[in-house]
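Given next are the chains, with one letter for each unit.
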Amino acid sequence: KIANLTAQELLPHNETAQLETREFLQKVTDILLDYVNATNNRDEKILEFHHPEDMKKLLDLDIHENPVPLQQLIFDCATTMKYQVKTGHPHFFNQLSCGLDLVSMAGEWLTATANTNMFTYEIAPVFILMETVVLTKMRDIIWPGYSGGDSILAPGGSISNLYAFLAARHKMFPGYKEHGPRGLPGDLCMFTSDQSHYSIKSCASVCGLGTENCVMVPSDDQGKMIPHELERLILERKARGQIPFFVCATAGTTVLGAFDPLDAIADITEKYNCWFHIDAAWGGGLLLSKKHRHPRLSGIERSHSVTWNPHKLMGALLQCSSIHFKEDGLLLSCNQMSAEYLFMTDKLYDIQYDTGDKVIQCGRHNDIFKLWLQWRAKGDHGFEAHIDRLMDLTQYEVRRIKEQSDKFHLIMEPELVNVSFWYIPKRLRGVPHSAEKEKELAKICPIIKARMMQAGTLMVGYQPDDRRPNFFRSIISSAAVFEKDVDFMLNEIDRLGQD
Ligand code: ABU
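Residues numbered from 1 in each chain as written. Predicted model: local features only at pLDDT ≥ 70, side-chain atom pairs only at ≥ 80, totals over all residues.

Under the convention used in this document: UniProt positions are given in the numbering used here, feature names are shortened, and annotations may be inferred rather than shown by experiment.
As recorded in an unreviewed UniProt entry, the protein chain goes by Glutamate decarboxylase and comes from Chironomus riparius. What the UniProt record of the protein chain gives under Sequence similarities (unreviewed entry) is the line "Belongs to the group II decarboxylase family." Regarding the protein chain, the UniProt comment filed under Subunit (unreviewed entry) reads as follows: "Homodimer."

1. A few points about the packing of helix H6 (residues 157-172) against helix H8 (residues 198-206)
To keep things clear, this is the line we draw: Lines fitted to C-alpha atoms define the axes, with helix axes restricted to the stretch in contact, and inter-axis angles between N-to-C directions lie between 0 and 180 degrees. Strands here mean DSSP runs of E at least two residues long; helices mean DSSP runs of H or I at least four residues long; both are numbered from the N terminus. The labels follow the angle: roughly parallel below 35 degrees, roughly antiparallel above 145, roughly perpendicular from 65 to 115, and oblique for the rest. Crossings are assigned a handedness: left-handed for a near helix turned anticlockwise from the far helix by less than a right angle, right-handed for a clockwise turn. Our contact criterion uses C-beta atoms placed from the backbone: two residues qualify when those atoms are within 7 Å.
Contact geometry for H6 and H8: axes closest at 9 Å, N-to-C directions at 55°. Relative to H8, H6 is oriented oblique. Relative to H8, H6 is oriented so that their crossing is right-handed. Residue-level inspection shows Gly157, Ser158, Asn161, Leu162 and Phe165 of H6 in contact with H8, the latter providing Ser199, Ile200, Ser202, Cys203 and Val206.

2. A few points about the site of the ligand
Applicable threshold: Placing a C-beta atom from the backbone of each residue, we mark the residue near a molecule or strand if the atom is within 6 Å of it. Polar here means any residue outside two lists: the nonpolar Ala, Val, Leu, Ile, Met, Phe, Trp, Tyr, Cys and Pro, and the charged Asp, Glu, Lys and Arg; Gly therefore counts as polar.
The ligand sits among Gln95, Leu96, Ser97, Gly157 and Thr254. Here the shell around the ligand is composed, by residue class, of 1 nonpolar, 4 polar and no charged.

3. Quick notes on the domain arrangement of the protein chain
We apply this condition: All the domain ranges listed were derived from an automatic or database domain assignment.
Taken domain by domain, the protein chain consists of domain 1 (7-86), domain 2 (117-365) and domain 3 (375-496). Here the C-alpha centre of domain 3 lies 31 Å away from the C-alpha centre of domain 2. Contacts between the two partners involve 22 residues from domain 2 and, on the opposite side, 22 residues from domain 3. Counting residues per element, the side of domain 2 that touches domain 3 draws most heavily on helix H11 (residues 290-293), at 3 residues.

4. Regarding the sheet that holds strand S12 (residues 471-475)
Within a sheet, neighbouring strands are paired by backbone hydrogen bonds and run either parallel or antiparallel to one another. Which entries qualify depends on this criterion: Two strands pair under a simple rule: DSSP has to find at least two bridges between them.
Reading across from one edge, S1-S11-S12-S10-S9 is the order of the 5 strands in this open sheet, with mixed pairing throughout. Each of the sheet's edge strands pairs with one partner strand only, and the pair in question is strand S1 (92-93) and strand S9 (408-410). In terms of strand pairing, strand S11 (residues 459-463) meets S12 through 3 bridges, oriented antiparallel. Following the sheet pairing, Gln463 is matched in S12 by Phe471.

5. Focus on the nonpolar core
To keep things clear, this is the line we draw: Nonpolar core, as used here: buried Ala, Val, Leu, Ile, Met, Phe, Trp, Tyr and Cys residues forming one set through C-beta atoms within 7 Å. Think of it as a crowd count around each C-beta: if 20 or more other C-beta atoms lie within 10 Å the residue is buried, if 12 or fewer it is exposed, and in between it is partly exposed, with C-beta placed from the backbone throughout.
The biggest cluster of nonpolar side chains holds 115 residues, and the ones touching the most others in it are Ala167, Met190, Phe246 and Val247. Ignoring any residue separated from it by four or fewer positions in sequence, one finds Ala167 in contact with Ser305, Phe325, Leu330, Leu331 and Cys334.

Listed below in structure tokens is the structure:
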């Protein structure tokens, strides 16, 4: 019935088109529900890969002068989903953010329909209150027994880390906000491990320190920052006349999933009066598990700020990243610009709920509803069970790798859900492990990855690090994964890796 209509003939342009509007939206919803079913069907491929130039030929991406009919828009939606990688598929082990939590997805649908901005209570009253409740709960988990502090949802872990840097500098050198570098007593420098996320180094670049003043502290062979190296480097920079002010520890490194020794690092930050930030974007989810919080995250309660991304281990839909401060008021005093058209002080309600003046962006997406709804659906116990299950599945993978040690080489015992390994092709089985053999194993990773993508059956990431050439990193952060999927992954790598 709606096939030849255009969007101009639906609501709000045509006030009597309720039925036609509903039909259009139902057809789009059907496409989304088909996608959900396909995502959860192990017989479906994860992706249908085409090179970019070939993909362009398969798609009609042009924007025309005249409107296209609704029929075409519905077809466009279906085509888009046909070629989208199903990141919630049980055989997708490629990214830190995997899975398709359906309650969180329903929340995202609602968020899209509400289509509001998170800068003021005036236009997002329920969502702002939800954000307050959930972020307060997260702070209680980070700093048990401490009530206070402040937090905000930010567009990704990198920006959350940037907020930590900005607040730290503001706390220690409040003159910077008004006077810029002239408000500083000298050259600042910061410290993070050589395994940390690149967004930490990016803070030094974006905020005017220069990347050479983001000091990369060596890590041990497990990928953990070496505390005495941190102290040595702080003293070295002080001897040069610089001002060490910010130390970032990582709780769950991106590639190896390593946890820095937080207590030992806290001792050093306290000794040298540095801000202690923890990038727990990845590993923060373990805070929800009594079994896994300690010892990995012991010491987090001594931090000044923590990045924690619910869109990673907790499986909230992208994106959902949070930054938490132990001290209240810093976010506001650091970032407040008091734009009078938005943040009037004579409003009819308590303006502390106008959270938009705490952030460096103006418009802010609503990332809270999907997390709030998901947490309601699971409860604390459900989240704990989810995290424990991911960790159990990881141990299952480790066991299966060890049982097939002729075919797979486990690089290290994982602390999180990152499993690092090489696949050993027939011709290299039985050859003693050596640097030369690692180079050969590394060459195979991109070949197998290309075969995976062309077959569309599996996705697992690979990368080199500063100690070894290419190796596979599988991630289990999706509730869709079962033991049989872990077995599928290893069998499929073996199948695709046949010489
Ligand atoms: N922000 C780090 C994400 C990297 C990954 O998903 O592999």
